[in-house]
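# Descriptive analysis of the structure
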Amino acid sequence: DAGITQSPRHKVTETGTPVTLRCHQTENHRYMYWYRQDPGHGLRLIHYSYGVKDTDKGEVSDGYSVSRSKTEDFLLTLESATSSQTSVYFCAIGYTGGSEAFFGQGTRLTVV
Amino acid sequence: TQLLEQSPQFLSIQEGENLTVYCNSSSVFSSLQWYRQEPGEGPVLLVTVVTGGEVKKLKRLTFQFGDARKDSSLHITAAQPGDTGLYLCAGESGGNQFYFGTGTSLTVIP
């Protein structure tokens, strides 16, 4: 299995609070991705990174920010959590932009 | 957004039956991937197809990429309970982003 760890695995937070999810990899892959998975929508890309401090928006980036200060860590921040951001969040890594993506086990976030 | 539609959304079959899952789009993709996801886990890659008309086989699973690179299918022969899971297709159009389909949830009943 690819060395990719998401933390926390489960979190319940209140509306309006900031939340940070962490993705850590030990594979030295250049690309890292954050997706959210919701019933009926499949996986949707939030943000991705193609190197340290190099990030770009995905199709559902509003309300989210990311940072990548080290190759191995990619952080996803919900600036002010809303109930619509209740979801399962997956981090993925890839050697190149079009290569196989290896996924973490996911973080289940509930905003109440 | 480059929409990928999968059909059927849900599929429940008996062990030993054959099935086909479809992934369709109006967009052209430079490559397409199929993943399988089990409950509580992240998706795991099954195959990548890159050439229009390409057919790849993985044991009892057969994957085909459409000639125009807009659609793909996954055929499972003699389904087994271990095939149960959520099957996702994902298309890449050269922009370092994969667009995922909505998924097909397969249940194989022993």
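Up top is the structure these notes are about.
Overview of the structure. (Residues numbered from 1 in each chain as written. Chains lettered and ligands numbered in written order. Predicted model: local features only at pLDDT ≥ 70, side-chain atom pairs only at ≥ 80, totals over all residues. Heavy atoms only, no water.)

## Digging into the pattern of salt bridges
Residue and element names in this part refer to chain A. The line we're drawing: By salt bridge we mean one thing: a side-chain nitrogen of Lys or Arg within 4 Å of a carboxyl oxygen of Asp or Glu. Note on exposure labels: buried denotes an accessible area under 20% of the residue type's maximum, exposed denotes more than 50%, and partly exposed covers the range between, all computed with a 1.4 Å probe on protein chains only.
Under the definition given, this model contains six salt bridges over all chains. A salt bridge links Arg44 to Asp38; the nearest nitrogen and oxygen atoms lie 3.0 Å apart. The exposure class assigned to Asp38 is buried, which follows from its relative accessible area of 11%. In this structure, the salt-bridge partner of Lys70 is Asp73, at a minimum N-O distance of 3.3 Å. Its relative accessible area of 41% is what places Lys70 among the partly exposed residues. On the basis of relative accessible area, Asp73 is assigned to the buried category, the value being 8%.

## Some points on the state of the cysteines
As used here, a disulfide is simply a covalent bond connecting the sulfur atoms of two cysteines. Put simply, the test is: The rule for a disulfide is simple: a pair of cysteine sulfur atoms within 2.5 Å. Only DSSP runs of H or I reaching four residues or more are called helices, and only runs of E reaching two or more are called strands; each is numbered from the N terminus.
Following the criterion strictly, the structure yields two disulfides over all chains and no others. A sulfur-sulfur separation of 1.9 Å characterises the disulfide bridge that pairs A:Cys23 with A:Cys91. On the sign convention where negative means left-handed, the S-S torsion of about -75° between A:Cys23 and A:Cys91 marks this disulfide as left-handed. Note that A:Cys23 is positioned in strand β3 (residues 19-25) and A:Cys91 in strand β9 (residues 87-94), a separation of 68 residues in sequence. Note that B:Cys23 is cross-linked by a disulfide to B:Cys89, the S-S spacing being 2.1 Å. Disulfide B:Cys23-B:Cys89: torsion about the S-S bond near 80°, hence right-handed. Taken together, the positions of B:Cys23 in strand β3 (residues 19-24) and B:Cys89 in strand β9 (residues 85-92) put the pair 66 residues apart, joining distant regions of the chain. Here the two residues B:Cys23 and B:Cys89 agree in accessibility, since each one is buried.

Remember that the coordinates give geometry; whether it matters functionally is a separate question.
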